[in-house]
Amino acid sequence: MQQCLGRTEGLRMAKSTCFRATAPKRVAGVRISSRSCHILASAVATKTVKIGTRGSPLALAQAYMTRDLLKMKFPELNEEGALEIVIIKTTGDKILNQPLADIGGKGLFTKEIDDALLSGKIDIAVHSMKDVPTYLPEGTILPCNLPREDVRDVFISPTAKDLSELPAGAVVGSASLRRQAQILAKYPHLKVENFRGNVQTRLRKLNEGACSATLLALAGLKRLDMTEHITKTLSIDEMLPAVSQGAIGIACRTDDDASRKLLAALNHEVTRIAVVCERAFLAALDGSCRTPIAGYAHKGADGQLHFTGLVATPDGKQMMRTSRVAAFTEESAVKTGDDAGRELKANGPKELFMY
């Protein structure tokens with residue numbers, strides 16, 4: 001199912017001033033300069049650039065962000081009809097009453113978008129990177145990551161200030177096995193039950209008493225301007241994030257040179273290298289959608305790549321961690337993630353990979 005949104009819908013930004021002799025600007029962390037706009041203008045095709053996305057409020061916010069960054073980089077894309085947002089309903093959006101693992105897990109939020117990209121119905125596809133499988137369909141490439149948002153998780157509860165304050169038997173709503181395993185490892189007296197839906201739906205269910213608390217990604221709440229719901233922001237040590245959490249990826253067809261040039265202008269290389277490391281870790285583990293896995297890579301103050309990874313059983317009773325420090329290059333990122341994943345898979349108990 002597809003739906004097209006014209007230029008007037010969604011989030012608006014001020015008209016681009018790229019051709020004026022003004023100081024460089026930043027939008028969502030991307031540096032915009034008058035010189036770059038002049039140089040890159042020739043890369044823009046005259047046809048409408050169709051941006052594919054899921055239809056959730058968060059997915060649309062990310063698509064609008066992409067659209068607005070393209071307008072800032074390429075002033076001619078401010079023309080009426082130059083950009084079009086195409087909403088595509090995925091399998092993961094249609095089936096909300098079952099855990100993701102029970103309906104196939106990998107690719108549930110990307111397959112239909114990939115199909116639209118390969119068929120030419122859209123030109124670029126905007127994804128939450130944590131939804132993207134470690135393999136890409138043949139004929140597609142993912143050359144662009146926007147600047148990463150805060151990777152941490154947040155605790156939300158109308159009755160408690162922290163997970164430690166919840167009484168025995170209290171229900172934490174979450175569809176994430178990664179969150180479930182880390183919660184139960186520290187608080188085995190709690191219960192974690194499947195809790196799916198978009199951010200707004202989950203907050204509504206929480207307020208209706210479906211559970212005592214829930215955990216959400218801070219990145220999504222910030223992009224939706226809904227941070228007032230946060231009870232507590234959890235540290236990385238308290239809750240290691242999902243692989244690629246907080247990162248937006250934009251894909252195009254391998255042979256679409258015009259789209260590749262557009263995306264090259266938006267890419268944030270520091271984010272891309274960190275995501276490459278985390279996805280190499282996930283690929284090496286080759287865990288199923290029933291395996292709780294977490295991983296986080298970033299560029300430290302020392303300029304080096306810092307990585308921490310985790311794999312666990314869903315009940316949190318068995319958990320293994322590993323960490324690495326390496327050079328902050330793409331080659332090193334791939335090797336670091338791959339080595340970390342292979343280490344955990346080789347040394348971890350077989351039960352970690354039976355789910």
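Residues numbered from 1 in each chain as written. Predicted model: local features only at pLDDT ≥ 70, side-chain atom pairs only at ≥ 80, totals over all residues. Heavy atoms only, no water.

- Going by an unreviewed UniProt entry, the protein carries the name hydroxymethylbilane synthase and comes from Volvox africanus.
- UniProt, in the comment section headed Sequence similarities (unreviewed entry), describes the protein in these words: "Belongs to the HMBS family."
- Turning to the protein, the UniProt annotation filed under Pathway (unreviewed entry) states: "Porphyrin-containing compound metabolism; protoporphyrin-IX biosynthesis; coproporphyrinogen-III from 5-aminolevulinate: step 2/4." (UniProt positions renumbered as here; feature names shortened; annotations may be inferred.)

Side note on the sheet that holds strand β14 (residues 293-299)
And step 1. The antiparallel open sheet is built from three strands, whose spatial order is β14-β15-β16. Of all strands in the sheet, those bounded by a partner on one side alone are β14 and β16 (319-326). Pairs of neighbouring strands in the sheet enclose a mean axial angle of 10°, with direction left out of account.
And step 2. Note that strand β15 (residues 305-312) and β16 share eight bridges and pair antiparallel. What sits directly across from Phe 307, in β16, is Arg 324.
And step 3. Against the sheet, helix α5 (residues 177-186) touches β14, β15 and β16, its axis set at about 110° to β16.
And step 4. Contacting β14 and β15, helix α9 (residues 269-285) crosses the sheet at an angle of about 150° to β14. (Pairing = 2+ DSSP bridges. Helix = DSSP H or I, 4+ residues; strand = E, 2+ residues; numbered from the N terminus. Axes fitted to C-alpha atoms, helices over the stretch in contact; angles between N-to-C directions. Contact = heavy atoms within 4.5 Å.)

Things to note about the pattern of salt bridges
And step 1. Within the structure shown, the criterion is met by 19 salt bridges.
And step 2. Measuring nitrogen to oxygen at the nearest pair gives 2.7 Å for the salt bridge that ties Arg 272 to Glu 269. One end of the pair is Arg 272 and the other is Glu 269, both in helix α9 and three residues apart, which spans about a single turn.
And step 3. Taking the relative accessible area as the measure of exposure, Arg 272 reaches 15% and is therefore buried.
And step 4. Under the relative-accessibility criterion, Glu 269 is labelled partly exposed at 35%.
And step 5. Notably, a salt bridge pairs Glu 343 with Arg 324, separated by 2.8 Å at the nearest N-O pair. Here Glu 343 is found in helix α10 (residues 330-347), whereas its partner Arg 324 is found in strand β16, with 19 residues between them in sequence.
And step 6. Owing to a relative accessible area of 23%, Arg 324 belongs among the partly exposed residues under this scheme.
And step 7. Three or more residues are tied together by salt bridges with common partners; here these are Lys 47, Asp 123, Arg 253 and Asp 256. (Salt bridge = Lys/Arg side-chain N within 4 Å of Asp/Glu carboxyl O. Buried < 20%, exposed > 50% of the residue type's maximum accessible area, 1.4 Å probe, protein only.)

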